[in-house]
Amino acid sequence: VLMLAVATNISAGGVALVFLSNQIPGLVVKLTAPYWFHLMTYESRILMASVAMGIACFLVGCGGLVRDDIAGDGDDANQEPEDSDGHKWGLALELLGVSFVSFSCNLGEVR
């Protein structure tokens, strides 16, 4: 829910990208859970969910740093365009982080 609330901060023109990044991993976990959840203990799933949440926070933070480095110190003359490679990498890291949040939440939720 938190990642959807800040979707415009991640991608102002691509809120649908954030929404899809948030929904698809959870849907995959819920659709495949009956086939592999019995192979894992509850404790190992919670541990995996915790690690995934940590990775998600790291990826979203790094993606924001990459995009902030591109923005520079506010001098418009030296700014790179928003379609530069660094901006794309920052957005990709943030969307991957959103996917990890969704995976984490759904992994710990389904019993």
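The paragraphs below set out a description of the structure included in this document.

Cut-offs used in this document
Residues numbered from 1 in each chain as written. Predicted model: local features only at pLDDT ≥ 70, side-chain atom pairs only at ≥ 80, totals over all residues. Heavy atoms only, no water. Helix = DSSP H or I, 4+ residues; strand = E, 2+ residues; numbered from the N terminus. Buried < 20%, exposed > 50% of the residue type's maximum accessible area, 1.4 Å probe, protein only. Areas by Shrake-Rupley, 256 points an atom, 1.4 Å probe, with all protein chains shown as cover. Patch = residues over 30% accessible without salt bridge, like charges linked within 9 Å, V, L, I, M, F, W, Y side chains within 5 Å. Salt bridge = Lys/Arg side-chain N within 4 Å of Asp/Glu carboxyl O. Axes fitted to C-alpha atoms, helices over the stretch in contact; angles between N-to-C directions. Left-handed = near helix turned anticlockwise from the far one by under 90°. Contact = heavy atoms within 4.5 Å. Nonpolar A, V, L, I, M, F, W, Y, C, P; charged D, E, K, R; others polar.

**Side note on the overall build of the chain**
Now for step 1: Secondary structure assignment for the chain yields five helices and zero strands.
Now for step 2: The helix and strand sequence of the chain, counted from the amino end, reads α-α-α-α-α.
Now for step 3: Residues classed as buried in the chain amount to 34% of the 111 residues present.
Now for step 4: A total accessible area of about 7,000 Å² is found for the chain, and carbon and sulfur atoms account for 66% of it.

**Points about a nonpolar patch on the surface**
Now for step 1: On the surface, Phe-19, Leu-20, Ile-24 and Val-28 cluster together into a nonpolar patch covering about 360 Å² of accessible area.
Now for step 2: On the basis of relative accessible area, Leu-20 is assigned to the partly exposed category, the value being 45%.

**Notes on the packing of helix 3 (residues 15-36) against helix 5 (residues 85-109)**
Now for step 1: With their axes 8 Å apart at the nearest point, helix 3 and helix 5 run at an angle of 35° to one another. Helix 5 is crossed by helix 3, and the crossing has right-handed handedness. Here helix 3 contributes Leu-17, Val-18, Ser-21, Asn-22, Gln-23, Pro-25, Gly-26, Val-29, Lys-30 and Trp-36 to the contact with helix 5, which in turn contributes Leu-95, Val-98, Ser-99, Ser-102, Phe-103, Asn-106, Leu-107 and Glu-109.
Now for step 2: Residues that form the contact of helix 3 with helix 5 fall into these classes: nine nonpolar, seven polar and two charged.

Everything listed here is a matter of coordinates, which is why it stays silent on function.
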